[in-house]
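Remarks on the overall topology
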Amino acid sequence: MKTFFLGTIFLMLSSFPLCATENPQSAPFFQASKKQPYHLSISAVLFDQEGRIACHHFREILGHKDVYILMRESMENNETPLRTLDRGLQEEFGATAQPVAFLGCLSGYLSDSRLSFEKTTLYIACQLVKWSPESRDLEDPEASSIIEWLEPDILIAIMQEQGIRFQHRVDADESEMIKRALPYIQQGLK
């Protein structure tokens, strides 16, 4: 009886969607709105066989000069975090990669005159499998960036300075996630 009951509960739970909605055309479930001031993104600390990390470099964006960010993709309805990761790597970098480790998250309140919200970004260390920058999605907002492959120490310093420049905005300084990826990058060099 107990096994039957647990099996029935498991079947019931497995039939529930992972998101609140099954309709992919409905309002974005994981993206901030006036009704729901919370946002979820997935980010990659993408490293190559030489131990360098891929990042976006915007020479100018929204009135700011020399902005560096890691790949960050907003989750869409009915996506798993790993599916969002794959899609983001392809759209933003033209890359495929092997996820290596979950690195944790950065979360904080982002003040904006249009829409203030709390943003949480989950970070995953990924080892590059294939890079085809010509296959980036040119409609993606990050398509205006230059993709740069930087040594971790250089990118950490850039991110820390950027965090200060942007008054410690949580998503401006991703250096902690790069530091957490270092052991996995070192393993990938062996």
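Heads up: the structure comes first, above all this text.
Report on the accompanying structure. Please read all numbers here as calculations on a predicted model, not as lab measurements.

1. A few points about the overall build of the protein chain
Of regular secondary structure, the protein chain possesses four helices and seven strands. Taken from the N to the C terminus, the helices and strands of the protein chain come in the order α-β-β-β-β-α-β-β-β-α-α. Every one of the 190 residues in the protein chain was classed for burial, and the buried ones make up 42%. In the protein chain, the share of contacts with a sequence separation of at least 24, taken over all contacts with a separation of at least 6, comes to 67%. For the protein chain, the accessible area works out to roughly 11100 Å², and carbon and sulfur atoms hold 58% of it.

2. Description of helix α4 (residues 175–189)
Its 15 residues place the ends of α4 20 Å apart at the C-alpha level, agreeing with the 21 Å of an ideal helix rising 1.5 Å per residue. Within α4, the axis deviates most sharply at Leu182, by approximately 40 degrees, and proline Pro183 lies no more than four positions further along. Among the residues of α4, Ser175, Met177, Ile178, Ala181 and Ile185 are the ones counted as buried. Buried positions along α4 lie against β1 (38–47), β2 (53–61), β5 (95–110), β6 (117–131) and α3 (152–165).

Rules of the game
- Residues numbered from 1 in each chain as written.
- Predicted model: local features only at pLDDT ≥ 70, side-chain atom pairs only at ≥ 80, totals over all residues.
- Heavy atoms only, no water.
- Helix = DSSP H or I, 4+ residues; strand = E, 2+ residues; numbered from the N terminus.
- Buried < 20%, exposed > 50% of the residue type's maximum accessible area, 1.4 Å probe, protein only.
- Contact = heavy atoms within 4.5 Å.
- Areas by Shrake-Rupley, 256 points an atom, 1.4 Å probe, with all protein chains shown as cover.
- Expected span 1.5 Å × (residues − 1).
- Bend = angle between axes of the 7 residues up to and from the residue.

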